[in-house]
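Commentary on secondary and tertiary structure
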Amino acid sequence: MNLANPHFAEPRWLWLAVLAPVALFILQRYSAWARRRSLAELAAPEIINRLTASGSPWRRAMKNTLLVMASAGIGLALARPQWGEQAETSQLLGQDVVFLMDCSRSMLATDVTPNRLERAKLAIMEFVQRQAHGRAGLVAFAGQAFLQCPLTFDYSAFQDALTALDDRTIPVLGTDIGRALEEGFHALDKSDRQKILVLLTDGEDLEKGAVRMAETLAKQGVVVFTIGVGTPAGTELHFVNDQGRPDVVHDRKGGVVQSRLDEPTLRAIALATKGSYYPLGPIGEGLAKIRLDLENLSLSSGTSARKLGVDRFHFPVAVVLALLVIESLIGTRR
């Protein structure tokens, strides 16, 4: 038998192994005192002595001692004594990926075909179809962020939620990437599974809190991959006005708003979490590169091995059962 590294897996139960015998001993002494007092009130001492002459104080003391020892054994068994070691290898069942989809008005820019938002949605659909394992979740964001699809193996439900996204999904205007990262973290499973976020945006973080939030999430073990949607040269933003005619977006000074891809911000977010940044590209090749990165990450951490102590609680359990059996076989008569 390997007796290496003896310890208790649940040492908080050791208090029971100490307090339970003490409490039981006190109860036994009180019970004996109360019994003698009741008998003293029942008859004269010489009569009591004749009535209890067949009783055996030694046998009763033995029974009480066995019960005290059994109560201590119960505490030891609950504390789960362990000695020896055994290796445990577990296989991770795929990776959970939460996509953060920018739905702000700047994603309607047409510097990629048909526009940034639709190009990103098509790339995500292709990614999920090729991934074929692990759960997928979806967070939509603009000036606010909301969970559109929790982590699920139901890819059809995920694709339905993705298809329904448009620039009116989030009514709050603006682009708050930091809030999107926070909402994505809340959507992740908080177990030991890998925590993967994939951010698809043009990088125009109007609230300027994305990098700070990424640094915070990195301490929680979250890895953020960023995909830049659009081009550094950018283009004018078009929309349909109240008259149903196409128009361009103007700033407060009356100038035409030019939306450009902010690659430095996206690189900084990925770098803070040890992720990667890729431009989406005209046919979604950026997400294809992330899929390869995730496959390599899965190979490097697809199995986890750890050494565990070998439970030996059955030994004190066996002793407790033996003590109780012996106690039940001992009578209190001579």
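Anyway, here's the lowdown on the structure attached to this text. Source: prediction; values computed, not measured.

Quick notes on the rules
- Residues numbered from 1 in each chain as written.
- Predicted model: local features only at pLDDT ≥ 70, side-chain atom pairs only at ≥ 80, totals over all residues.
- Heavy atoms only, no water.
- Phe/Tyr/Trp six-rings, centres within 6.5 Å; stacked < 30°, edge-to-face > 60°.
- Helix = DSSP H or I, 4+ residues; strand = E, 2+ residues; numbered from the N terminus.
- Buried < 20%, exposed > 50% of the residue type's maximum accessible area, 1.4 Å probe, protein only.
- Pairing = 2+ DSSP bridges.
- Patch = residues over 30% accessible without salt bridge, like charges linked within 9 Å, V, L, I, M, F, W, Y side chains within 5 Å.
- Areas by Shrake-Rupley, 256 points an atom, 1.4 Å probe, with all protein chains shown as cover.
- Salt bridge = Lys/Arg side-chain N within 4 Å of Asp/Glu carboxyl O.
- Axes fitted to C-alpha atoms, helices over the stretch in contact; angles between N-to-C directions.
- Parallel < 35°, antiparallel > 145°, perpendicular 65-115°, else oblique.
- Contact = heavy atoms within 4.5 Å.
- Nonpolar A, V, L, I, M, F, W, Y, C, P; charged D, E, K, R; others polar.

1. Here's the deal with the packing of aromatic side chains
A full pass over the atoms with the stated rule returns five aromatic pairs. For the ring pair Phe99 and Phe158, a centre distance of 5.9 Å and an interplane angle of 50 degrees mean the geometry is tilted. You can see Phe99 sitting in strand 3 (residues 96–102) and its partner Phe158 sitting in helix 5 (residues 155–163), a full 59 residues away along the chain. The exposure classification of Phe99 matches that of Phe158, with both residues buried.

2. Brief notes about the pairing of strand 3
Residues in a regular strand project their side chains so that they alternate between the two faces of the sheet. The buried fraction of strand 3 amounts to seven of the seven residues, a majority that puts the element mostly inside the structure. Pairing of strand 3 with strand 6 (residues 195–201), which is carried by six bridges, proceeds in the parallel orientation. Paired with Phe99 across the bridge in strand 6 is Val198. Sheet topology places strand 3 next to strand 4 (residues 136–141); six bridges connect them, and they run parallel. Its bridge partner being in strand 4, Val97 is matched across the sheet by Ala136.

3. Some details on a nonpolar patch on the surface
A cluster of nonpolar residues, Trp13, Trp15, Val18, Leu19, Val22, Phe25, Ile26, Ile74 and Leu78, forms a patch on the protein surface that exposes about 860 Å² of accessible area. When contributions to the nonpolar patch are tallied by element, the ones reaching two or more residues are helix 1 (14–42) and helix 3 (57–78). With six residues, the single largest contributor to the nonpolar patch is helix 1. With respect to the secondary-structure elements, Val22 resides in helix 1.

4. Examining the packing of helix 4 (residues 116–131) against helix 5
With their axes 10 Å apart at the nearest point, helix 4 and helix 5 run at an angle of 175 degrees to one another. When the axis of helix 4 is compared with that of helix 5, the two are roughly antiparallel. Note on element contacts: helix 5 touches helix 4 through Tyr155, Phe158, Gln159, Leu162 and Thr163, opposite Lys121, Ile124, Met125, Val128 and Gln129. Class assignment for the residues of the contact of helix 4 with helix 5 results in six nonpolar, three polar and one charged.

5. Description of the sheet that holds strand 5 (residues 145–152)
Taken together, the six strands give an open sheet; going across it, the order is 5-4-3-6-7-12, and neighbouring strands pair in mixed fashion. Looking at the sheet topology across the chains shown, the edges are occupied by strand 5 and strand 12 (277–279). Ignoring which end each strand starts from, the neighbouring axes of this sheet average 15 degrees apart. Helix-sheet contacts for helix 6 (residues 177–187) involve strand 3, strand 4, strand 5, strand 6 and strand 7 (222–228), and the interaxial angle to strand 5 is about 30 degrees.

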